[in-house]
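Summary of the model geometry
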Amino acid sequence: MEIKDLNKRSAAFAALEGFRELTPIQEQVIPLAMKGNDIIGISDTGTGKTHAFLMPILEKIDLSKQEVQAVITAPTRELAVQIYQRAEKMCEIESALSIRLISGGIEKSRMNEQLKVQPHIVIGTPGRIRDLFLNEQTLRCDTAKIFVVDEADMTLEFGFLEDVDQIAGRMGSDLQMMSFSATIPNGLKPFLKKYMKHPQTVMIKSNEQFQPKIRHILVPCRHLSYPEKLLQVLKGIQPYVCLIFANTRALASETAEKMRQEGYGVVELHGDLTARERMRALKELQRQSKSYVVATDIAARGIDIEGITHVISLGFPKELDFYIHRSGRTGRAGRDGICYALYRSEDDPIIRTLEKNGIHFEHQNIRNGEWTVLKDLHEKHVRKSDPLEQEISKIVKKKKTKVKPNYKKKQKQQIERLRRKARRQMIQEDIRRQQKERAKAKMRAKREEEAQ
């Protein structure tokens, strides 16, 4: 599908947004959505999935009915606001179209007043939509024919899926559901199976031409705190935009404050901000007025931030995928990117797991603005005094131009023979030592007997 093949409203919307061509996920999702299919869309942030569901919704809205016809949920206020801001532009295509943002930070009494006239499209966070729909009963989601769950994996991860479940459970049986996410974790599958009828899965893999070229660099904190080590790292980089991830809201707040004290312009993005502070942060992101963004995983997820050249992780997240998502925010569109991971000894298991999954970490440290290369974190050192390990190392490292069948099995057998030989030698040496000790003991006893 090309832009010229879009229906009238969608084509006008695409022109308004300045689209020259559709992205891969838009090409696949839009025709399926127009047919009424349930859809599971799997793609990264920045691939155009928001417009992939907004365009079919725009086409399907019946302006003669003043009732809720589409509900879109997002796990954070920031993401809900971002979707709402994009959807608002559809009102320039159809002036009679009404859209409401339902999220925290907006007075409930004000929202209830606005809902005296039901909007065509509702965009918001699951908890607030559920509250107005089921508790206040001022929002009539039961009339909607389309339900979109955006960033579904994060919705599950942070405990909002129960709210989404309660909303969907009170909507019609002819509901068209679309779920979009970077991944589909196992915990999400029962929910999708419960509400979706023969869903079409659209998975967008990164185009080889746009594969990120990302360097992963481990930086030891040692005796320093994460914010203290971060300030050292910042002296050794020159980012266009640097995205800094903290594992907790408290660490994000502490880090942002210390950076401000050192004169850095920082956008702070996490759940402990007030509604006004969060809106101000979003506006600063859109203006790109500051080069440093300190955020938690959930606050940053789904938010488009242009021009990220550096990503810094203050420690590793518990979930493997979260680190992948963090590092994937840089190195886009064929550009180079760099991801620094500040680590402590307790991060070793996840570092090893990431290495097994194909990530190569460089190991560096910085002092006084100067970077130094360290030895590989998990490099195996063979002691010179251990001849057995030296022999085993020779076998493992030995390169052969032609690999024979079962060479690994034969290699293991060879190593085991060396180990058995070493054990025999050790036992023999121990026996000889004991024999010498017994002989010495007999000599001492004999001398003592002669002395008496």
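Residues numbered from 1 in each chain as written. Predicted model: local features only at pLDDT ≥ 70, side-chain atom pairs only at ≥ 80, totals over all residues. Heavy atoms only, no water.

Some words on the overall build of the chain
Worth spelling out the cut-off: Runs of E in the DSSP output that reach at least two residues are strands. Runs of H or I that reach at least four are helices, and both are numbered from the N terminus. Three exposure classes are used, based on accessible area relative to the maximum for each residue type with a 1.4 Å probe and protein chains only: buried under 20%, partly exposed in between, and exposed over 50%. Two residues form a contact once any of their heavy atoms are found within 4.5 Å. Residue exposure ignores everything except the shown protein chains as possible cover, and the areas themselves are Shrake-Rupley values with a 1.4 Å probe.
Across its full length, the chain holds 17 helices and 15 strands. Put simply, the chain has 452 residues, and 45% of those count as buried. Considering only contacts in the chain between residues 6 or more positions apart, those separated by 24 or more positions represent 74%. Of the roughly 25,200 Å² of accessible surface on the chain, 47% is carried by carbon and sulfur atoms.

Remarks on the packing of aromatic side chains
The description of two aromatic rings rests on the distance between their centres and on the angle between their planes. Worth spelling out the cut-off: Stacked, tilted and edge-to-face are the three classes assigned to paired rings of Phe, Tyr and Trp, where Trp is represented by its six-membered ring and a pair needs centres within 6.5 Å; plane angles under 30 degrees give stacked, over 60 edge-to-face, the rest tilted. Here, a charge over a ring is recorded when the distance from Lys NZ or Arg CZ to the ring centre is within 6 Å and its angle to the ring normal is within 35 degrees.
On inspection of all chains with the given rule, the structure shows seven aromatic pairs. With centroids separated by 6.1 Å and ring planes inclined at 50 degrees, the aromatic side chains of Tyr 323 and Phe 361 adopt a geometry described as tilted. You can see Tyr 323 sitting in helix H14 (residues 320–327) and its partner Phe 361 sitting in strand E14 (residues 361–367), a full 38 residues away along the chain. Take Tyr 323: its relative accessible area is 0%, and that puts it in the buried class. Three or more aromatic residues joined by ring pairs make a cluster, and in this case those are Phe 316, Tyr 323 and Phe 361. The cationic tip of Arg 170 hangs over the ring face of Phe 133; the distance from NZ or CZ to the ring centre is 6.0 Å.

Regarding the packing of helix H4 (residues 77–88) against helix H12 (residues 275–287)
The condition that has to hold: Each axis is a line fitted through C-alpha atoms, taken for helices only over the stretch in contact, and angles between the N-to-C directions span 0 to 180 degrees. Angular relationships are summarised with four words: roughly parallel below 35 degrees, roughly antiparallel beyond 145, roughly perpendicular across 65 to 115, and oblique for the angles in between. Crossing handedness is defined as follows: a turn of the near helix away from the far one that is anticlockwise and smaller than a right angle gives a left-handed crossing, while the clockwise case is right-handed. In the scheme used here, Gly and all other residues not listed as nonpolar or charged are polar, with Ala, Val, Leu, Ile, Met, Phe, Trp, Tyr, Cys and Pro taken as nonpolar and Asp, Glu, Lys and Arg as charged.
The geometry of H4 relative to H12 is characterised by a closest axis approach of 10 Å and an angle of 55 degrees between their N-to-C directions. Comparing their axes, H12 and H4 come out oblique. As H4 runs across H12, the sense of the crossing is right-handed. Contacts between H4 and H12 involve Arg 77, Glu 78, Val 81 and Gln 85 from the first element and Ala 275, Arg 278, Met 279, Leu 282 and Gln 286 from the second. Residues of the contact of H4 with H12, tallied by class, amount to four nonpolar, two polar and three charged.

Structural notes on the sheet that holds E14
How we decide: Any two strands with at least two DSSP bridges between them are considered paired.
As summarised here, the arrangement of the eight strands in space is E10-E11-E9-E12-E13-E8-E14-E15, forming an open sheet in which the pairing is mixed. Each edge of the open sheet is held by one strand with a lone partner, namely strand E10 (266–269) and strand E15 (370–373). On average, each strand axis in the sheet is inclined to that of its neighbour by 25 degrees, with strand direction left out of account. Here eight bridges tie strand E8 (residues 213–220) to strand E13 (residues 336–343), and the two strands are oriented parallel to one another. Bridged to Ile 214 within E13 is Gly 337.

Let's talk about the sheet that holds strand E7 (residues 200–203)
Across the sheet, which stays open at both edges, the seven strands sit in the order E3-E4-E2-E5-E6-E1-E7 with parallel pairing between neighbours. At either end of the open sheet lies a strand with only one pairing partner, and these are strand E3 (99–102) and E7. The mean angle between the axes of side-by-side strands here comes to 15 degrees, regardless of whether they run parallel or antiparallel. Bridging between strand E1 (residues 39–42) and E7 involves four bridges; their strand directions are parallel. Note on E7: the bridge partner recorded for Ile 40 is Thr 201.

A word on the nonpolar core
Going by this rule: The term nonpolar core refers to a set of buried residues drawn from Ala, Val, Leu, Ile, Met, Phe, Trp, Tyr and Cys, joined through side-chain atoms within 4.5 Å.
Formed by 97 residues in total, the largest nonpolar core has its most connected members in Ile 121, Phe 147 and Phe 316. If we skip the residues at most four places from it in the chain, Ile 121 touches Ile 57, Ile 61, Ala 70, Ile 72, Met 90, Leu 97, Ser 98, Ile 99 and Arg 100. Ranked by size, the runner-up nonpolar core spans 25 residues in total, among them Leu 231, Leu 234, Ile 244 and Leu 251.

Observations regarding empty space enclosed by the protein
Put simply, the rule reads: Throughout, the protein atoms alone are placed on a 1 Å grid, and a set of points is a cavity if a 1.4 Å probe fits but cannot get out or a pocket if it is open with protein on both sides within 12 Å along at least five of seven lines; lining residues have an atom within 4 Å of a point. Grid points are joined across faces, edges and corners, and a volume is the space filled by probe spheres set on the points.
Per the stated rule, a full pass over the model turns up one cavity of 30 Å³ or more. Quantified by volume, the largest cavity comes out at close to 40 Å³. Around the largest cavity, the lining residues are Val 241, Val 267, Glu 284, Leu 285, Gln 288, Ser 289, Lys 290, Val 293 and Ile 305.

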